[in-house]
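Now for the letters of each chain:
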Amino acid sequence: MDIKFFESELFRQTQLQKVYTDNKTFVDCIPKMDIAVILERYNDEKNKSNFNLADFVHQYFDEPPEVATGYVTDTSRSIEEHIDELWDVLSRKPEGRDDSLISLPKPYIVPGGRFREIYYWDSFFTMLGLQASGRIDMIQNMVDNFSFLVDKVGYIPNGNRLYYIGRSQPPFFASMVNLLSEEKGKKILFEFLPQLEKEYTFWMKGSEELDEKTSAINRVVRMPDGSILNRYWDEHDTPRPEAYQKEIKLSTNVEDKDRLYRDLRGACESGWDFSSRWFKDGKTFSTIHTTDIVPVDLNCLILNLEQTIAEAYQFSGNATNAEKYVEKVMKRKNAIQSYFWHEPKSFYFDFDFVTGSPTNSYNLSAAYPLYFNIASQEQANSVAAILEKDFLKVGGLITTTTTTEQQWDAPNGWAPLQWISVAGLSKYNHSKLAREIAEKWMMINKKVFQNTGKLMEKYNVIETGLTAGGGEYESQDGFGWTNGVYLAMGLFLKTHID
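Residues numbered from 1 in each chain as written. Predicted model: local features only at pLDDT ≥ 70, side-chain atom pairs only at ≥ 80, totals over all residues. Heavy atoms only, no water.

Caption draft 1: Highlighting the overall build of the protein. When helices and strands are tallied, the protein shows 19 helices and 16 strands. Computed over C-alpha atoms, the radius of gyration of the protein comes to 22 Å, within 12% of the 23 Å expected from 2.2 N^0.38 for 498 residues, which places it in the range of a compact globule. For the protein, the proportion of its 498 residues judged to be buried stands at 59%. Across the protein, 55 positive and 71 negative side-chain charges occur, with their mean positions spaced 1 Å apart. (Helix = DSSP H or I, 4+ residues; strand = E, 2+ residues; numbered from the N terminus. Rg over C-alpha atoms; globule rule 2.2 N^0.38 Å. Buried < 20%, exposed > 50% of the residue type's maximum accessible area, 1.4 Å probe, protein only. Lys, Arg positive; Asp, Glu negative; His and termini not counted. Charge placed at Lys NZ, Arg CZ, Asp CG, Glu CD.)

Listed below in structure tokens is the structure:
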């Protein structure tokens, strides 16, 4: 399938007329013949009096197969046994077919539900569970697949679909490589050094063009003191194919539609799609301004990438290049502390480089400086106190302290952010709080599993009798990163004693 198909009239009409309730269904459909032939037949038939668009689409496209067709949970087994069995259910083999899927060379794990492909940042948290299950072979396969994508595309896209080309996701590749090196030794760092550097080049593209007049290009932003930090972005400023109808509708009364689409796509690159974190007024979708924001989490991840590259060069004996990246790490660490730490509120906040001030969003990205050992002990103590007071609920941590209809806001909690917070707090001797969060999160996972036989994409951590809500699609079960974090937290509770 050619990516230009998503610009065709057939595509637009199918999405706008909602032939499928979920816009993602059509972009995942499998054409029954060459797309050029289908488009030609569409042009021949569309103006006929008896033409029916839904019938035409169903005639020429096969719907994507369900991820877990035929699988039935055995509720008499433990949740751990269920997850171990699910790895095979959620596993996919390399496929070569003419649809939107970018074929990968090795087997991989998908999240589940409507998510029939790999997702970049999801995969790291899935790998934590694979490590706990002793599935090191699959971790190797997935790191190899991401390495393949870096070489093929130039970066790791949001997922292995053509319609995700143009954006990435939170850059956890260095964390994946480090995870694999725990099992196979430091040689792994050097083995994937070329791809680590390619990813770094992608995130830093345009940095040499920044000056006092040009403060931002692509994913790089020149800060007031001349330091360079990163933001989320997308190469395109058009409606996302997988959410086409909704984004056209959202843009109806918006003057700068191109800017809106870019900010929506940028939020998708963040993985937090969507959240009041990205809204200028903290509540209204149409005020989204993702590309104005320099995020805490992204810059901690880029620092980890720089640090991993430095370590890889050190391992190889290239002291000159190692020192070059160590210097980058120090500069970024200083900038993170300078721009994200807000002393009056004793918390880390994203930075709006357009207004030149911190945002007002209290959210769990503040745990990333702890996870990557960037915070001081005093800063970690302050963050821990706020997490305990304002974020911790009966089922774990809320994502932001703002309650909205967006899925990355209260009352929802998400596995990756629970893990970042638990692991980060434990590094600064807040083991008691870390354990409490882990226990509450595992409790809600287990409760829902016992009631439904499923692990979910997200959970309502305030009213634990309810499933999570909000967002642009129904809550999904499966679920890769929830499974992975559950097993990793189980190990954490066994090995971390107060």
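Caption draft 2: Seen up close, the sheet that holds strand β12 (residues 357–358). Read from one edge to the other, the open sheet built from 3 strands follows the order β8-β11-β12, with strand pairing classed as antiparallel. In this open sheet, the two edge strands, each paired with only one partner strand, are β8 (293–294) and β12. Note: strand β11 (residues 351–352) against β12, 2 bridges, orientation antiparallel. Bridging across to β12, Asp352 finds its partner in Ser357. (Pairing = 2+ DSSP bridges.)

Caption draft 3: Highlighting the pattern of salt bridges. If you walk through the whole model with that rule in mind, you get 31 salt bridges. As a salt-bridge pair, Glu117 and Arg161 come within 2.5 Å of each other at their nearest N and O atoms. Remark: Arg161 occurs in the loop between α7 (136–153) and α8 (173–184) and Glu117 occurs in the loop between β4 (108–109) and α6 (120–132); sequence separation between them is 44 residues. Pair check on accessibility: Glu117 and Arg161 agree, each one buried. Between Arg219 and Glu235 there is a salt bridge, and its shortest N-O distance comes to 2.7 Å. Pair noted here: Arg219 is in the loop between β5 (216–217) and β6 (220–222) and Glu235 is in the loop between β7 (228–230) and α11 (244–250), with a separation of 16 residues, a long-range link. By relative accessible area, which is 36% here, Glu235 ends up partly exposed. (Salt bridge = Lys/Arg side-chain N within 4 Å of Asp/Glu carboxyl O.)

Caption draft 4: Region of interest: unusual backbone geometry. Put simply, Asp273 and Phe274 share a cis peptide bond, and its omega is 10°. Residues other than glycine seldom take positive phi values, yet Asn373 does so here, at roughly 55°. Note on placement: Asn373 falls in the loop between α15 (368–371) and α16 (377–391). On the basis of relative accessibility, which here comes to 44%, the residue Asn373 falls in the partly exposed class.

Caption draft 5: Spatial organisation of empty space enclosed by the protein. Considering all chains together, one arrives at 1 cavity of 30 Å³ or more under this definition. Taken as a whole, the largest cavity holds about 40 Å³ of empty space. A total of 3 residues in the lining of the largest cavity trace back to one element, the largest contributor, which is α6. In terms of residue class, the lining of the largest cavity is built from 5 nonpolar, 2 polar and 1 charged. (1 Å grid on protein atoms, 1.4 Å probe; cavity = no way out; pocket = protein on both sides within 12 Å on 5 of 7 lines; lining within 4 Å. Points joined across faces, edges and corners; volume = space filled by probe spheres on them. Nonpolar A, V, L, I, M, F, W, Y, C, P; charged D, E, K, R; others polar.)

Caption draft 6: Geometry of the nonpolar core. Counting 163 residues, the largest nonpolar core has Phe61, Phe125, Phe173 and Trp419 as the members making the most contacts within it. No other element matches helix α13 (residues 296–316), which puts 11 residues into this core. Beyond its immediate stretch of four places on either side in the chain, Phe173 contacts Tyr120, Val143, Phe146, Ser147, Ile156, Phe192, Gln195, Leu196 and Glu199. (Core = buried A, V, L, I, M, F, W, Y, C linked by side-chain atoms within 4.5 Å. Contact = heavy atoms within 4.5 Å.)

Caption draft 7: Structural detail: the sheet that holds β6. Strand order in the open sheet formed by 3 strands is β5-β6-β7, and the pairing between neighbours is antiparallel. The sheet is open, and its two borders are formed by β5 and β7, each paired with just one other strand. Sheet topology note: the β5/β6 ladder contains 2 bridges and is antiparallel. Bridging from a neighbouring strand, Ala216 pairs with Val221 of β6.

Caption draft 8: Up close: the packing of helix α1 (residues 9–16) against helix α3 (residues 35–45). Contact geometry of α1 with α3 gives a least axis separation of 10 Å together with a crossing angle of 70°. Our classification of the angle between α1 and α3 gives roughly perpendicular. The residues of α3 that touch α1, namely those facing Glu9, Leu10 and Gln13, are Ile38, Leu39 and Tyr42. Taken together, the residues that form the contact of α1 with α3 break down as 4 nonpolar, 1 polar and 1 charged. (Axes fitted to C-alpha atoms, helices over the stretch in contact; angles between N-to-C directions. Parallel < 35°, antiparallel > 145°, perpendicular 65-115°, else oblique.)

Caption draft 9: Just the side chain of Arg262, in detail. Looking at the element boundaries, Arg262 is found in helix α12 (residues 257–270). Residue classification places Arg262 among the buried positions, given a relative accessible area of 17%. Reaching out from Arg262, the side chain makes a polar contact with the backbone oxygen of Glu235 at a distance of 3.2 Å. The residues touching Arg262, leaving out its near neighbours within four places in the chain, are Trp233, Asp234, Glu235, His236, Asp237 and Thr291. (Polar contact = N/O pair within 3.5 Å; in protein donor to acceptor, adjacent residues only side chain to side chain.)

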